[in-house]
Amino acid sequence: MNKIRSSSYEELISDALKVRLKILELAHSSGGGQHLGGGLSMVEIMCYIYSKVIDIESVKSKLKERNRFILSKGHGVLGFYPVLHHYGLISKENLLTYKKELSELISHPIRNLDNGIESSNGSLGHGLSYGSGIAYALKLKKFNSKVYVLIGDGECNEGSIWEAAMSSSSLKLDNLTCIIDCNLFQSDGKTSSIINQENLAQRWESFGWHVIEIDGHSFSDIDNAFSLFQPTNKPKLILAKTVKGKGVDFMENDNSWHHGRLTESLYQEAIQKLSS
Amino acid sequence: MIFPFNKNLARQWCRIGPRGIYGQSLLNLAEDFPDIFAVSADLGNSSGLDRFKGKYLDRFINIGIAEQNMIGFSSGLSTLGFNVFVSSFAPFITMRAGEQVRMNLSYMQSNVKIVAIGSGISMGFLGNSHFGLEDISIIRSLPNIPIISPSDCFEVYKSVEALAKYEGPAFLRLTGAAPSPIIHTEDYEFKIGKSIELLKGGDILILSHGTMVSNSLKAAQLLKEKHSINASVVNVHTLRPIDSELKDLIMKYPLIATVEEHFVSGGLGTIISELITSNFIQGAKLIKLGLPNNFLKSGTYEQLIKRYNLNPEGIANNIYENFVQI
């Protein structure tokens, strides 16, 4: 993949803002508790993936030889559905069914290729195994397509993530990229206070992955990481350092927004902060 | 099928046992079904896949001792059109990977076939950690996964053949060891969900699956010789979807017995009792023979079968005691 022109960053920054506004709008109109913190931390990564990595038309036409994205941190749908909408994979009408009776757009992704969603998730630690199976199958079919899996740093507590990490490098899946939305928090608090995940990059490296550490909100960094020459025979791990609740100052690094309720006044305050 | 099945082959296959025949079946079918792919969690040889992986290097993976990853990986693999057969011991593949089975096979309907080897108590001295006592119960609690429990080695082949043609998830349960019982000595029609009446008798109805079909037939023989009781024996090789015609059959008999190498709760016994209650079959009397709902004592396979009264004598005695009381 080629590096994009830096002029495109402006466009991506504008996309990210629109997506964040949509996230807040959706969270507010839907009401009740929402996984806002982890949805907001992944926005730049997602905008880059759906604007530069995933070919929207190939997803729409369900082309077998397409790049695929798997949201393993399934609770991150607020950073997913608005992105799918923004880049034309789900309609406004469909997006507005979010968390409505009988909708397929609920708090965790449901596999539905008509919505551009490749896998059902919600329980953590499933997506990397699934993505690695797809990556392996693509190689068997001699397709050049790639698989991108987004996981959380808290999700790295799951043993199945490391099972998949081991087998992916053993199978030399250089068409597989795993991105860690490393926002340093999980449901009960700071990841560092729960399970020691120090030297996370080195841990992945020692499992045989090609690791790149970046600022997960910098399009220049993201662009470098995605377009960087991929050494053959190794899967790629992008450790993206992010801020939970990014973009809304009172949500940033406040873990009560891991799953929080956006009241009318907080919503107004949030969109004001975001737009300013 | 590319070979004529006959008595000689039945004898050969019985000496190989269900696991070896599973591997050979896949090897045999791989040419006609190019989408077949095999994955194992370091039990490829134990699943009889030695020759398969030798011949089809690019259609087999040992994913490592990691059952959760095996299910997720296989599910992803299947999205590109592969029919993925995964094998491991019954408890590892149903419990260790239980939630992966739920999300990937049950929820997403991935085209993955689970093959539970060494189910029931054939693992003998390997003990409770390796027994398949609740695998049917677990899989049955998850929607959309057919459950097949073949009665002998030829039926293992027929099941694998049926699953090679079947699109969607399924659970294949292999019981027994080598040598294993022989039920079939010639080819027959195997259809998922269609039970097979192996013996016709008017007094009682014995419903069974897996290796217990053979012991049920022998028990029926004993009942006839000792007590002049004529039993029907039906091979319920598919536990889900359950054969809807069983309902009519049940109504014809004063006593029904289910016989299986599984905990008495959660398997065929439970399935039939549910069939009776949900169809308001009045007066139906059911005895459920299987393994007690507790961890089992140690012993060889034969010793365990006898201890838990699943040998032909045990089955016949149990049925007779109940029969004389009705």
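Residues numbered from 1 in each chain as written. Chains lettered and ligands numbered in written order. Predicted model: local features only at pLDDT ≥ 70, side-chain atom pairs only at ≥ 80, totals over all residues.

**Examining the pairing of strand S2 (residues 68–71) of chain A**
Residue and element names in this part refer to chain A.
Right, on to step 1. Alternating residues of S2 divide into Arg68 and Ile70 and Phe69 and Leu71, and every residue in both groups is buried.
Right, on to step 2. One ladder, built from four bridges, connects S2 with strand S3 (residues 147–152); its direction is parallel. The residue bridging Ile70 from the neighbouring strand is Val149, located in S3. (Buried ≥ 20, exposed ≤ 12 C-beta atoms within 10 Å, placed from the backbone. Helix = DSSP H or I, 4+ residues; strand = E, 2+ residues; numbered from the N terminus. Pairing = 2+ DSSP bridges.)

**Re the domain arrangement of chain B**
All names here are of chain B.
Right, on to step 1. Per the domain assignment, the segments making up chain B are domain 1 (7–175) and domain 2 (196–323).
Right, on to step 2. Taken over C-alpha atoms, the centre of domain 1 sits 25 Å from the centre of domain 2.
Right, on to step 3. Counting residues per element, the ones that place at least two in the side of domain 1 that touches domain 2 are helix H6 (135–140), strand S5 (147–148) and strand S6 (170–175).
Right, on to step 4. No other element matches the three residues that H6 contributes to the side of domain 1 that touches domain 2.
Right, on to step 5. A class-by-class count of the residues in the side of domain 1 that touches domain 2 yields nine nonpolar, nine polar and four charged. (Domains from an automatic or database assignment. Nonpolar A, V, L, I, M, F, W, Y, C, P; charged D, E, K, R; others polar.)

**Section: the interface of chain A and chain B**
Right, on to step 1. Across the boundary between the two partners, chain A contributes 22 residues, which contact 21 residues of chain B.
Right, on to step 2. When residues in the side of chain A that touches chain B are grouped by element, the largest group, 10 residues, is from helix H7 (residues 127–140) of chain A.
Right, on to step 3. When grouped by side-chain class, the residues that make up the side of chain A that touches chain B number eight nonpolar, 10 polar and four charged. (Contact = placed C-beta atoms within 7 Å.)

**Things to note about unusual backbone geometry**
Right, on to step 1. Here the amide bond leading from Ala178 of chain B into Pro179 of chain B is cis, since omega sits at -5°, within 30 degrees of zero.
Right, on to step 2. Turning to its location among the elements, Pro179 of chain B is positioned in the loop between S6 and strand S7 (196–199).
Right, on to step 3. Of note, the bond from Arg240 of chain B into Pro241 of chain B is cis; its omega dihedral lies within 30 degrees of zero at 0°.
Right, on to step 4. One non-glycine residue, Lys62 of chain A, adopts positive backbone phi at about 55°.
Right, on to step 5. Relative to the helices and strands, Lys62 of chain A resides in the loop between helix H4 (56–60) and S2.
Right, on to step 6. On the basis of neighbour counts, which here come to 10 C-beta atoms within 10 Å, the residue Lys62 of chain A falls in the exposed class.
Right, on to step 7. Positive phi outside glycine occurs at Ser228 of chain B, with the angle close to 55°.
Right, on to step 8. By secondary structure assignment, the location of Ser228 of chain B is in the loop between helix H8 (212–227) and strand S9 (231–235).
Right, on to step 9. Exposure remark for Ser228 of chain B: the 8 C-beta atoms within 10 Å place this residue in the exposed category.

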